Amino acid sequence: AQSVTQLDSQVPVFEEAPVELRCNYSSSVSVYLFWYVQYPNQGLQLLLKYLSGSTLVKGINGFEAEFNKSQTSFHLRKPSVHISDTAEYFCAVLKSGGSYIPTFGRGTSLIVHP
Amino acid sequence: SQTIHQWPATLVQPVGSPLSLECTVEGTSNPNLYWYRQAAGRGLQLLFYSVGIGQISSEVPQNLSASRPQDRQFILSSKKLLLSDSGFYLCAWTSSGNEQYFGPGTRLTVT
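In this report, the structure presented in the accompanying data block is examined. All of these numbers come straight from a predicted model, not from anything done at the bench.

1. What to know about the overall build of chain B
So, step 1. Tallying secondary structure elements over chain B gives zero helices and eleven strands in all.
So, step 2. Traced from its N-terminal end to its C-terminal end, chain B shows the element sequence β-β-β-β-β-β-β-β-β-β-β.
So, step 3. Scaling as 2.2 N^0.38, a compact globule of 111 residues should have a C-alpha radius of gyration of about 13 Å, and chain B matches this with 13 Å.
So, step 4. Looking at chain B residue by residue over its 111 residues, the buried ones come to 50%.
So, step 5. A sequence separation of at least 24 residues applies to 53% of the contacts in chain B between residues at least 6 apart.

2. Observations regarding the interface of chain B and chain A
So, step 1. Chain B puts 20 residues into the contact, and the matching count from chain A is 19 residues.
So, step 2. At the boundary of chain B with chain A, total buried surface from both sides reaches about 1,600 Å², with 58% on carbon and sulfur atoms.
So, step 3. Among the residues chain B hides against chain A, the three largest losses belong to B:Asn98, B:Glu99 and B:Phe102. Together they make up 30% of the total.
So, step 4. Linking chain B to chain A there are one salt bridge.
So, step 5. The interface formed by chain B and chain A holds five residue pairs in polar contact (both at pLDDT 80 or more) in total.
So, step 6. Residues that form the side of chain B that touches chain A fall into these classes: ten nonpolar, seven polar and three charged.

3. Some points on the packing of aromatic side chains
So, step 1. Applying the stated criterion to the full structure yields 13 aromatic pairs over all chains.
So, step 2. Note on A:Tyr25 and A:Phe67: the rings are 6.4 Å apart at their centroids and 25 degrees apart in plane angle, and the pair reads as stacked. With a gap of 42 residues between them, A:Tyr25 in strand β4 (residues 24-26) and A:Phe67 in strand β8 (residues 64-68) connect regions that are remote in the sequence. Each member of the pair A:Tyr25 and A:Phe67 is classed as buried.
So, step 3. Ring geometry for B:Tyr34 against B:Tyr36: centres 6.3 Å apart, planes inclined by 20 degrees, an arrangement best described as stacked.

4. Here we look at the state of the cysteines
Residues and elements named next belong to chain A.
So, step 1. Going through the model one piece at a time under the given rule, you end up with two disulfides over all chains.
So, step 2. With its sulfur 1.9 Å from that of its partner, Cys23 forms a disulfide with Cys91. Between Cys23 and Cys91 the sulfur-sulfur dihedral comes to about -65 degrees; the bridge is accordingly left-handed. Residue Cys23 is located in the loop between β3 (19-21) and β4, and its partner Cys91 is located in strand β10 (residues 87-95); the two are separated by 68 residues in the primary sequence. No difference in accessibility class separates Cys23 from Cys91, as the two residues are buried.

Conventions adopted
- Residues numbered from 1 in each chain as written.
- Chains lettered and ligands numbered in written order.
- Predicted model: local features only at pLDDT ≥ 70, side-chain atom pairs only at ≥ 80, totals over all residues.
- Heavy atoms only, no water.
- Helix = DSSP H or I, 4+ residues; strand = E, 2+ residues; numbered from the N terminus.
- Rg over C-alpha atoms; globule rule 2.2 N^0.38 Å.
- Buried < 20%, exposed > 50% of the residue type's maximum accessible area, 1.4 Å probe, protein only.
- Contact = heavy atoms within 4.5 Å.
- Buried area = accessible area lost by both parts, 1.4 Å probe.
- Salt bridge = Lys/Arg side-chain N within 4 Å of Asp/Glu carboxyl O.
- Polar contact = N/O pair within 3.5 Å; in protein donor to acceptor, adjacent residues only side chain to side chain.
- Nonpolar A, V, L, I, M, F, W, Y, C, P; charged D, E, K, R; others polar.
- Phe/Tyr/Trp six-rings, centres within 6.5 Å; stacked < 30°, edge-to-face > 60°.
- Disulfide = S-S within 2.5 Å.

Encoded structure:
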C-alpha cells in the first residue's frame, strides 16, 4: 500500500516570494506522482505529473516539482507566487501499471499575502 | 474535449431525507469513475469507484450507495441522510488510469 505525507498543513508566504510545498510518499513499488490544486468551492485541477523520465517536471501556472527517488519526495516549487495562487494543494501517488486508486495527501493550504 | 458535469451545485437537505447526486462525463468512453467526499478543512475521502457499467466498489461502508446506469453516468444516493453526510462531494474520471479529472463539486448541507 502507498501513503502520502504532506508535511505542512498551511504555508503562508508573501506575494512574489518563492515557495516550496513538501510531499513525501511511501511505496514498495514504482509509482506515478501528481500535484493537484483546488481553489475555493471548486474541484481539483491537475498541476503536473511524474510518470517517468526527467525528474524535474514543469506544470501549469509556473509550478514545477522534482521527483527524488532516494528521498521518496516530490516537492512542489514556484519561484514567485501571486495572490491568485492562494489555494489548497494536494499531492497524490498511484501505483504504476494498472492501479485505479490514487492515494492523496491531506493537502497544504497555500496562503499568499500582499 | 472531455468535460465532467455535476449537479446540483449546492443542496440543503433535512436529516432523514433521500439524496441523489448525479455526475456525467462527455467526450470519452468507458471511463473509470469515482465519488469523493471532503469534510470541512479535511482531505479527500474515496467513497466509490466504478470501472464499468454496473460495477461499483465501495471503499467506506456507510449509508451511501452508488450506481452506474450508463457508461458515462455515475449517481450517488442515500435513502436517509445523516448530519455527518454534510460535505463537498466530488466526482472524478480517468481513462488512462493515471491523472484524474474532477467535476466542479456539490456542496451538501444536512440540517
